[in-house]
Amino acid sequence: MSQQCPHTAALTIDPMVADLAGETRTLCEGPELTKIELLGAPAWTITRHNLARRLLTDPRLVKDHTRWNLWQSGAVTREWPLIGMIDAGRSMFTVDGAEHRRLRIKTTRALAPRRLGELRPKIEQFTAELLGDLAEAAAGGDAVDLKQIFAYPLPMRVISELMGVPRSDHTMLLESYKKFFSLLTPHDERMRVYAELDDYYTELIKEKTAHPADDLTSDFIHDVAEGETPLTEAEVHGNLKALVAAGHETTVSLIITTTRALLANPDQLAAVRSGDRSWEEAIEETLRWDGPVIHLLMRFATEDITVGDLTIERGDGVVMSYRAIGRDRDLHGEDADTFDLTRPTANRNISFGYGPHICPGAALARLEAAIAVPALFERFPDIRSAMPISELGNLPVLTQNDPAAFPVRLGGA
Ligand code: PLO
């Protein structure tokens with residue numbers, strides 16, 4: 001595989017995520033534009049807030065992976081374990097420009113803050129149900145996995161409510177996405193998972209075509225306004241799979257990491273409980289400091305782009321290292337590595353992205369966390385980690401901040 005710059009060695013991103021803190025530190029201490037290697041594929045990554053904002057609004061960078069020199073040369077193929085992150089079908093996630101707006105408009109509207117009021121009672125209901133499951137699992141006094149029982153099922157229920165995915169399919173979907181993201185999944189199995197998910201969504205679209213319901217999938221298919229070009233079946237398919245994947249995986253992470261940050265910092269938890277600080281501030285600082293996305297794959301240069309004395313060449317791939325970006329000292333200060341609810345710049349994080357592709361589900365994600373996390377602390381005021389928090393590791397997932405588990409104790413002493 002070609003190496004564009006023989007002078008600087010690329011930093012190999014570890015797919016097993018054995019030392020996330022070390023990797024983030026290296027990126028933060030390195031240049032704003034850093035050469036990395038992703039499972040054999042060289043790419044650039046952006047490690048600073050200002051450069052990220054500049055490039056995320058630069059139309060010379062696009063999501064279409066057929067522009068990638070390594071794709072064009074055949075150096076990267078469907079065999080590459082991260083291929084599903086970029087060769088993801090035609091959707092709001094993979095298309096730019098005027099077509100992007102067309103693909104995205106219904107979703108931005110459906111997920112606008114004023115529309116979320118309709119989802120709130122559902123989120124509260126699911127939260128209450130899952131808190132009941134937690135209580136039951138902890139009844140014997142044993143430690144329970146907050147991820148498995150509480151954080152993991154909740155966002156899937158919420159996004160499914162919006163998209164019209166039946167409850168009976170949640171277990172299958174969660175299992176499939178686990179294999180989709182894990183870099184320990186063997187190639188053949190990964191290909192099977194891609195195909196099964198694609199078939200699943202094709203069937204769901206058939207069902208919603210024949211029997212429209214009150215959900216966004218049905219709106220994609222049936223709700224076409226005057227003068228609007230309807231979404232093709234491939235576009236409905238791409239959007240649907242993007243929304244289900246993005247809508248659950250990332251929010252599981254946010255619920256766990258916010259809870260974990262507060263349990264690791266009892267003084268700050270106390271400040272939230274006393275009302276000196278808000279749950280929203282805790283969520284925002286978590287998004288900055290321990291957010292759901294580590295590396296976002298990927299954009300491709302349609303022309304040479306100059307950054308300082310370096311050039312991103314036409315065809316090069318560009319990653320956004322959001323974890324490093326959230327810890328940019330130039331913006332957040334010398335203590336950017338600490339979780340601090342009084343940080344004045346916390347809400348300037350771009351952990352939901354920036355520019356035309358900024359996450360359309362950001363308000364929903366914040367709402368889910370703002371319901372789930374306080375409800376958890378209210379129901380179980382004595383909750384504490386059952387393990388030293390510094391020993392909690394991530395799954396072998398390169399792009400996502402995906403805690404393997406979070407064992408907690410819920411009872412009294
Ligand atoms: C997941 C597989 C789907 O088939 C296509 C898809 C679309 C949107 C992507 C998602 C995948 C992975 C997680 C992503 C999401 C958009 C936001 C989310 C990247 C590739 C983030 C930022 O983690």
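First, a word on scope: everything that follows refers to the structure included in this document. In this text, all values refer to a predicted model and were calculated from it rather than measured experimentally.

**Concerning the site of the ligand**
Inference 1: Neighbouring residues of the ligand: 14 residues in total, closest F180, K241, V293, L296 and Q400.
Inference 2: Contacts to the ligand include Q400, whose side-chain N or O atom sits 2.9 Å from an oxygen atom.
Inference 3: Computed on the free molecule, the ligand has an accessible area of 480 Å², of which 88% lies beneath the protein chains in the complex.
Inference 4: Listing elements by their share of the shell around the ligand, those giving two or more residues are α4 (83-86), α9 (170-181) and α12 (233-264).
Inference 5: In terms of residue count, α12 provides more of the shell around the ligand than any other element does, five residues in total.
Inference 6: Class assignment for the residues of the shell around the ligand results in ten nonpolar, three polar and one charged.

**Some remarks on the pattern of salt bridges**
Inference 1: In this structure the tally under the stated criterion is 28 salt bridges.
Inference 2: Its salt-bridge partner being E99, residue R90 comes within 2.7 Å of it at the nearest N-O pair.
Inference 3: With relative accessibility at 35%, the residue R90 sits in the partly exposed group.
Inference 4: Here D402 makes a salt bridge to K147, at a shortest N to O gap of 3.0 Å. Placement of the pair is D402 in the loop between β10 (384-385) and β11 (407-409) and K147 in helix α7 (residues 146-151), with a sequence separation of 255 residues.

**What about the environment of T107?**
Inference 1: Here T107 is to be found in helix α5 (residues 97-110).
Inference 2: You can call T107 buried: its relative accessible area is 0%.
Inference 3: Discounting chain neighbours no more than four positions away, the residues touching T107 are M92, L216, F220, L243 and P360.

Reading the values: rules and limits
- Residues numbered from 1 in each chain as written.
- Predicted model: local features only at pLDDT ≥ 70, side-chain atom pairs only at ≥ 80, totals over all residues.
- Heavy atoms only, no water.
- Near = heavy atom within 4 Å.
- Polar contact = N/O pair within 3.5 Å; in protein donor to acceptor, adjacent residues only side chain to side chain.
- Areas by Shrake-Rupley, 256 points an atom, 1.4 Å probe, with all protein chains shown as cover.
- Helix = DSSP H or I, 4+ residues; strand = E, 2+ residues; numbered from the N terminus.
- Nonpolar A, V, L, I, M, F, W, Y, C, P; charged D, E, K, R; others polar.
- Salt bridge = Lys/Arg side-chain N within 4 Å of Asp/Glu carboxyl O.
- Buried < 20%, exposed > 50% of the residue type's maximum accessible area, 1.4 Å probe, protein only.
- Contact = heavy atoms within 4.5 Å.

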